[in-house]
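Structural characterization, general
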Amino acid sequence: MKKEQIFVNIEECISLIKRNALSYSDKNLFDIEFRRLADSIDHDRELFEFFFINYHTALQECRKNNVINAENILLRINKIVPIDLLDGNEKKLFLLVSHPINAYIQYKLENFRASEELTISTMILDQYFEALNPAIFFHKIQQLQNISRIKIRCNEYIMSAKIINILFSVLIFNYQQSYQGLSFGCTTSINEFSELKKLMVTQIFNEWIKTLDNIDNEKERNQYFSLSVVDLPLENMDVDNDYSYILLSIGIIKNIIIENDIHDENVILSINNLLGYSKDYYNSTHLQFIQKLLN
Amino acid sequence: MNYKLSQYIVTVEVKENIFIVFSTRTSKQVLLYKESYDKLFNGKFKEIEKDIFNILVSDYILVPENEDELASIVEENNHSNHNSKALYQVIMPSANCQLGCGYCGQKHTKNQLDTSYYSKLIERINHKLDTENYESLSIAWFGGEPLMSLSTLRELSKKLQQVSVEKNVKYVAKIVTNGLGLKKNIFLDLVNNHKIKSFEVTLDGIKSFHDERRFLKSGEKSFQIIFDNLKDIFMLPNFDELNVNISIRCNVDSSNYEGVTPLIKLMSEHGFQDKISGFYVAPIHSWGNEAHLQSLEKEIFSEKEIDWLIDQYKYGFRPGLLPGRVYQVCMVTTPSSELIDANGDIYNCTEVSYVPSYGEQYRLGNIKDINPTVTFNDRPFENWNDLVLENKSSSPCHTCIMMPVCGGACPKSWKEGNIACPSNKFNISEKLALNYLIQEQGIEYIS
């Protein structure tokens, strides 16, 4: 099969993805589970509602780069809701709302150490609350991904790649991993949230590939990619069909980058096989990345 | 938690049984049907549907019962003023101006900012950039007429750009100019070499009105020169790619208000609606003189402003209608913001330099005399927000519901006994209704 055919197959894949693309919003899924968690804890509901609504308004302002507006909202909330006077699970619940948003604000202000500390504090709370609602595990996963983003902003790409490796191995292969004393592993109850899991894997993959694509130094890029998949048994395709696509894609990239093999029939066949697997939530970033590598 | 209805709201019935509730604290508006509206205004908050309730809370229409709203507003303003990421510096390279506008309070001279002051100014800016974690250096070229000392502008601009590179901050520049000297080659030089991306030019109505008051000191007319300069600039083949904002301001009083609509029409005939970033009308105010005595009554101005906004839509312009939240009323409340005029005098207000009636009243110092690292204490009006909170501002701002979207407008004006309320105070309801009509029915409906 000629190289042209490879590109034809890639283009076909890209078209399929665009036609079938499921856009996702993780907001609603998390909100539902967060509400369930909140309902299981004894707390001042009206006060919490006020706190929750306004913290999320601050988050929206921050996402629009209106950091001063976000800070103003938080100044107000913190005056009206005296968190320090709360205790026990109620206080933890409020902090579970405030810590990640404060972490994001610090991230926007480029105070990366403060952002990292707040994110780790969030994960500690997530770990605590997983016992009450297993879905909170995904919030912890999201925080770990945030740490990888912080590491990139601090030019600590190797650490970021290692975190991506943790995320992939935990989510796709149900490995038990740990980070900073916090444990990550998918229990049976967590695996029941298959859609949420699929969403997270896809989102992490899409973003990581985009990050790699922006690295000019090929040697460094290849090193980071290798580290990010070092624990993944890519030849083991005995996984849910949901993850076959990503493993195949990673395998193709690995063959090109590490094996430097773009003519092997297996690679060509693999690209052809991509067409047959579930591609929900993926965008075409990785395919365009593969095209670039082949060029 | 118990809630109360915010005092900082404006409500308009835009259609039968349909209401807009606008929060000046957030500049957000909510559309309510009568049922929800009645519950809101009858205090039956808990009966409001949850999703609507949450929006009312997040938009600050419903606020905690025990919240001191004005204190919150002032705290937000102070936080924004003291944590600004932009170091703002106004520079007046020239004390001169070709025009002899009747309402101008400045006394013009041929002075230009002396070259011997440059290094001290740069040193001062460097020092300020070192003291806080600024993201940008924002320069405003003002006057007099800044283009009357183009050499000063050019030389200082290069030094300032160099400072921004050394300090790793973004460089942003704008200019307020009468437009007489804004030939297209000058414009291109300012944009390409001096990073000026925002221009404000004044036209006080069409020619017959503008030339009655904005004439050269030699007696010659200025309108056509300025208008032709703008036309030439807009016709530059790469104008759109330059990504420059040019806004046109029209100063209005009782003698020229009838020239506004014809000006809008004229600009439209020359395609300005596709080129300018905005057109706005400003009432003439006191500039240390009695110019304000010729102004329209505020209520009349505000009524006419609605007509002018509709005219703008009719002629293809797209003006913004609703005010945004104002955290910084002007440069006076930001401790780091300063103005240096062509004499080297330093102020924290753009309205006082070269104005004889103010004497030394507002002068902070002169660049040649001060240590560049000095911090001026007792800057006029720096505590404006606190004065409003304490009801010591000589203004009605303490209880005014428009305070969050106005900030008090002009502290100096209040001190001088002049009412500084902007038009929104008088026509916000009409603006809300107009905005609703445009959203719901389209622009054609009001055209």
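Every chain's residues receive numbers from 1 upward, in the order its sequence appears when written. Chain letters start at A and ligand numbers start at 1, both assigned in the order the entries are written. In keeping with the predicted nature of the model, local features appear solely for residues at pLDDT of at least 70, side-chain atom pairs appear and are counted solely at 80 or more, and the whole-chain, interface and lining totals rest on all residues. The side-chain figures draw on all heavy atoms in the structure; neither hydrogens nor water molecules are used.

1. Quick notes on the pairing of strand S4 (residues 28–33) of chain B
All names here are of chain B. With six bridges joining them, strand S3 (residues 18–23) and S4 adopt antiparallel strand pairing. Following the sheet pairing, serine 23 is matched in S4 by lysine 28. Any two strands are treated as partners once DSSP identifies two or more bridges connecting them. In this description a helix means any DSSP run of H or I spanning at least four residues, a strand means any run of E spanning at least two, and both kinds are numbered starting from the N terminus. The hairpin turn running from S3 into S4, its antiparallel successor, is four residues long, and serine 27 in that turn takes a positive phi close to 60°.

2. Description of the confidence of the model for chain B
Within a predicted model, pLDDT stands for the predictor's per-residue confidence, ranging from 0 to 100. Put simply, chain B has an average pLDDT of 95, and 100% of its residues get 70 or more. We note a pTM of 0.89 for the whole complex and an ipTM of 0.86 for its interfaces.

3. Focus on the sheet that holds strand S2 (residues 9–15) of chain B
All names here are of chain B. The sheet built from three strands is open, its strands ordered S2-S3-S4 with antiparallel pairing. Two strands in the sheet have a free side with no partner beyond their single neighbour: S2 and S4. Ignoring strand direction, the axes of neighbouring strands in this sheet form an average angle of 25°. Here six bridges tie S2 to S3, and the two strands are oriented antiparallel to one another. Along S3, the bridge assignment pairs isoleucine 9 with serine 23. Seen against the sheet, helix H14 (residues 424–441) touches S2, S3 and S4 and runs at an angle of roughly 45° to S2. Axis definition: a line fitted to C-alpha atoms, limited for helices to the stretch in contact. Angles are taken between N-to-C directions and run from 0 to 180 degrees. Throughout, a contact is declared for two residues whenever any of their heavy atoms are within 4.5 Å.

4. A word on the nonpolar core
If you look at the biggest cluster of nonpolar residues, it comprises 91 residues, and the most contacted ones within it are Trp141(B), Phe187(B), Phe199(B) and Phe279(B). The element contributing the most residues to this core is helix H8 (residues 223–234) of chain B, with six residues. Membership of the second largest hydrophobic core comes to 53 residues, among which are Phe30(A), Phe168(A), Leu171(A) and Leu294(A). Only buried Ala, Val, Leu, Ile, Met, Phe, Trp, Tyr and Cys residues count toward a nonpolar core, and they belong to the same one when joined by side-chain atoms within 4.5 Å. Exposed residues in this analysis have more than 50% of their type's maximum accessible area, buried residues have under 20%, and partly exposed residues fall in between, with area computed by a 1.4 Å probe over protein chains only.

5. Overview of the packing of helix H10 (residues 194–213) of chain A against helix H14 (residues 285–294) of chain A
All names here are of chain A. Between H10 and H14, the least distance of the axes is 9 Å, while the angle of their chain directions is 30°. Accordingly, the angle class assigned to the pair H10 and H14 is roughly parallel. Between H10 and H14 the crossing geometry is left-handed. Where H10 abuts H14, its residues Phe205, Asn206, Ile209, Lys210, Leu212 and Asp213 lie against Thr285, His286, Phe289 and Lys292. Any angle that falls under 35 degrees is termed roughly parallel, while one over 145 is termed roughly antiparallel, one within 65 to 115 roughly perpendicular, and all others oblique. Crossing handedness is defined as follows: a turn of the near helix away from the far one that is anticlockwise and smaller than a right angle gives a left-handed crossing, while the clockwise case is right-handed.

6. Section: empty space enclosed by the protein
Here the term cavity refers to a set of points on a 1 Å grid, laid over the protein atoms alone, in which a 1.4 Å probe fits but cannot get out; the term pocket refers to an open set having protein on both sides within 12 Å along at least five of seven lines, with lining residues being those that place an atom within 4 Å of a point. Grid points are joined across faces, edges and corners, and a volume is the space filled by probe spheres set on the points. Counted under the stated rule, the structure contains two cavities of 30 Å³ or more. If you add up the space inside the largest cavity, you get close to 80 Å³. Lining the largest cavity, in full, are Pro396(B), Cys397(B), Cys400(B), Met402(B), Val405(B), Cys406(B), Gly408(B), Trp414(B), Cys421(B), Pro422(B), Asn424(B) and Lys425(B). Throughout, the ten residues Ala, Val, Leu, Ile, Met, Phe, Trp, Tyr, Cys and Pro are labelled nonpolar, Asp, Glu, Lys and Arg are labelled charged, and all others, Gly among them, are labelled polar. Across the lining of the largest cavity, the residue classes break down as nine nonpolar, two polar and one charged. In this model, the second largest cavity occupies a volume close to 60 Å³. If you trace the second largest cavity, you find it lined by Gln145(A), Ser148(A), Arg149(A), Ile152(A), Ser160(A), Ile164(A), Ile204(A), Glu207(A), Trp208(A) and Thr211(A). Secondary-structure elements contributing two or more residues to the lining of the second largest cavity are helix H7 (136–153), helix H8 (157–173) and H10 of chain A. Tallied by class, residues from the lining of the second largest cavity come to four nonpolar, four polar and two charged.

7. Quick word on unusual backbone geometry
Note the cis peptide between Gly143(B) and Gly144(B), where omega equals 20°. Topologically, Gly144(B) is positioned in the loop between strand S7 (136–141) and helix H5 (150–166). One non-glycine residue, Gln180(A), lies in positive phi territory at about 50°. Mapped onto the elements, Gln180(A) comes out in the loop between strand S1 (177–179) and strand S2 (182–184). Positive phi values are uncommon outside glycine, yet Lys195(B) reaches one of about 55°. Relative to the elements of secondary structure, Lys195(B) occurs in the loop between helix H6 (184–192) and strand S9 (196–202). For Lys195(B), a relative accessible area of 40% gives the class partly exposed.

8. So, the sheet that holds strand S14 (residues 365–366) of chain B
Residues and elements named next belong to chain B. Taken together, the nine strands give an open sheet; going across it, the order is S11-S10-S9-S8-S7-S6-S12-S13-S14, and neighbouring strands pair in mixed fashion. Two strands in the sheet have a free side with no partner beyond their single neighbour: strand S11 (278–283) and S14. Of the pairings in the sheet, the one linking strand S8 (residues 170–177) to S9 comprises five bridges and is parallel in character. Of the residues in S9, the one forming a bridge with valine 176 is glutamate 200.

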